[in-house]
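Inside the fold
The primary structure of each chain is shown beneath.
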Amino acid sequence: MEAAGPRSRDARGRAASQPGSRAEKSPPESRKVYMDYNATTPLEPEVIRAMTEAMQEAWGNPSSPYPAGRKAKEIINAARENLAKMIGGRPQDMIFTSGGTESNNLVIHSVVKHFHKIHAAVGGTAEHPSPVEGALPHIITCTVEHDSILLPLEHLLEERVAEVTFVPVSKVNGQAEAEDILAAVRPATCLVTIMLANNETGVIMPVPEISRRVRALNQQRAAGGLPGVLVHTDAAQALGKQRVDVRDLGVDFLTVVGHKFYGPRIGALYIRGLGELTPLYPMLFGGGQERNFRPGTENTPMIAGLGKAAELVAENCEAYEAHMRDVRDYLEERLAAEFGKRIHLNSQFPGTERLPNTCNFSILGPQLQGRLVLAQCRTLLASMGAACHSDHGDRPSPVLLSCGVPLDVARNAIRLSVGRGTTRAEVDLVVQDLKQAVARLEGQA
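Below: a short report on this structure. Remember, predicted model here, so these are calculated numbers, not experimental data. (Residues numbered from 1 in each chain as written. Predicted model: local features only at pLDDT ≥ 70, side-chain atom pairs only at ≥ 80, totals over all residues. Heavy atoms only, no water.)

As for the pairing of strand 8 (residues 267-271)
Within strand 8, five of the five residues are buried, which leaves the element mostly enclosed by the surrounding structure. Here strand 8 shows no split at all, with G267, L269 and I271 on one side and A268 and Y270 on the other all buried. In this sheet, strand 8 lies alongside strand 2 (residues 94-97) in antiparallel orientation, the contact comprising four bridges. Note that in strand 8 the partner of M94 across the bridge is Y270. Bridge count for strand 7 (residues 253-257) against strand 8 is five bridges, and the pairing is antiparallel. (Buried < 20%, exposed > 50% of the residue type's maximum accessible area, 1.4 Å probe, protein only. Helix = DSSP H or I, 4+ residues; strand = E, 2+ residues; numbered from the N terminus. Pairing = 2+ DSSP bridges.)

Considering helix 3 (residues 67-87)
The terminal C-alpha atoms of helix 3, which comprises 21 residues, lie 31 Å apart, in line with the 30 Å expected from a rise of 1.5 Å per residue. Where helix 3 is buried, its residues contact helix 2 (45-57), strand 2, helix 8 (246-249), strand 7, strand 8 and helix 9 (300-339). (Expected span 1.5 Å × (residues − 1). Contact = heavy atoms within 4.5 Å.)

Topic: unusual backbone geometry
The phi torsion at Y262 lies on the positive side, around 65°, for a residue other than glycine. Along the chain, the position of Y262 falls in the loop between strand 7 and strand 8.

A closer look at the sheet that holds strand 2
Pairing within the open sheet is mixed, and its seven strands lie in the order 2-8-7-6-5-3-4. Each edge of the open sheet is held by one strand with a lone partner, namely strand 2 and strand 4 (163-167). This sheet shows a mean twist of 20° between the axes of neighbouring strands, independent of strand direction. (Axes fitted to C-alpha atoms, helices over the stretch in contact; angles between N-to-C directions.)

A closer look at the pattern of salt bridges
Overall, the coordinates contain 20 salt bridges when judged by the stated rule. Among the ionic pairs, R424 bridges to D326, the shortest N-O distance being 3.0 Å. Taken together, the positions of R424 in helix 13 (residues 424-441) and D326 in helix 9 put the pair 98 residues apart, joining distant regions of the chain. On the basis of relative accessibility, which here comes to 35%, the residue D326 falls in the partly exposed class. Taking the shortest distance from any N to any O, the salt bridge between D428 and R334 comes out at 3.0 Å. (Salt bridge = Lys/Arg side-chain N within 4 Å of Asp/Glu carboxyl O.)

Let's talk about the packing of helix 2 against helix 9
Viewed as axis vectors pointing N to C, helix 2 and helix 9 meet at an angle of 150°, and their least axial separation amounts to 8 Å. It follows that helix 2 is roughly antiparallel to helix 9 by the angle criterion. Classified by chirality, the crossing of helix 9 by helix 2 is right-handed. Residues E46, V47, A50, M51, A54 and M55 of helix 2 lie in contact with helix 9, whose contacting residues are T300, P301, M302, A304, G305, K308, A309 and L312. (Parallel < 35°, antiparallel > 145°, perpendicular 65-115°, else oblique. Left-handed = near helix turned anticlockwise from the far one by under 90°.)

Let's talk about the packing of aromatic side chains
Applying the stated criterion to the full structure yields two aromatic pairs. Ring centres of Y34 and Y37 lie 4.8 Å apart, and the angle between their planes is 75°; this geometry places the pair in the edge-to-face category. Overall, Y34 belongs to the buried group, its relative accessible area being 15%. Between Y37 and Y262, the ring centres sit 6.1 Å apart and the planes meet at 20°, which makes this aromatic pair stacked. Linking Y37 in the loop between strand 1 (33-34) and helix 2 with Y262 in the loop between strand 7 and strand 8, this pair joins segments that are 225 residues apart in sequence. Taken together, the ring pairs in this structure connect Y34, Y37 and Y262 into an aromatic cluster. (Phe/Tyr/Trp six-rings, centres within 6.5 Å; stacked < 30°, edge-to-face > 60°.)

In structure tokens:
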């Protein structure tokens, strides 16, 4: 457990996983154990301190010359540096946003606008028509992306603003395979957007291989007068759970979401060589902040918190990862020991790497839909899958169905995701809680 960091931080993490400050004094049956860290995470105490100090000492407008304004600007610059360090990028390539949804939409908006701008500038002639003459911009993604990718793309498709290919993931390994992505490329393709890790299964996508192959393809496309293809990854679920480096990934854009790694609910966007190598077009227009790419007076306290959260990840990521993997693996051992062949691990694919904290499983049985099991739990706080799909009732997860999980198994799915402070003792409580919930549903208790 010490691998997760100092003892005091672990203790605070455990406290955060039990809503209510009197958890230790309450009767055992009232204790709650939070295992939905893929949905959101609590703020680290250091993050709260950084935000509080910014509210008290850096309340000035960051564009103002007096001390409180200069202090705010310094905090913002330091946060930008911490974010860049966390992902192996340059501070000048980071833009602050309101969160992952805005970052993802900004990427999509930018590549579509850039396609039209380049096409209008290059054009063609009657004798030598442009290779993409009359074509709409084409974007490639996969079927298990977050809604902040899927829904904007579906909207563009419906409005006939762009063409989109939704590549199915492999039913063998749960991944969007590079071969399938490359096979979908057309002359008018301008963007490939593939998440770094899936929020429901934890499966890590082969983004480095996709980027490498797209770069090689771009050399051929340039020789043929075709526009280059940019690569974006939504790294929301991976950050804070494993080391993420944009140099290894080879991407042009990367989405950062603070509340997934114990930071506040804002985000950022990495753009490789912003303004030099990779285009970005603002969706908003205003005071010129963030070099005009994302105007609006900066939210200094939230940015301060995001910077501190990134600093903690940069310093402790390996320890966080080792601790979460140990607890997650213990969870799966306990589930197998308690439920035997009735457990189906939905997120285990042979030879496929996955996030160290994520366990998606089903307890087999006609009365054991995930929603019903969780409703019977008295200790466990978790979800069936993505938090943004929590109102879908007993409808099985489209992500699991895409990965080849049978319909009746997918209906019973529960996603548990452990955090920095989750303990083996809490795992024991949760497994016992699940056992009792199943017994109640099956009329045995």
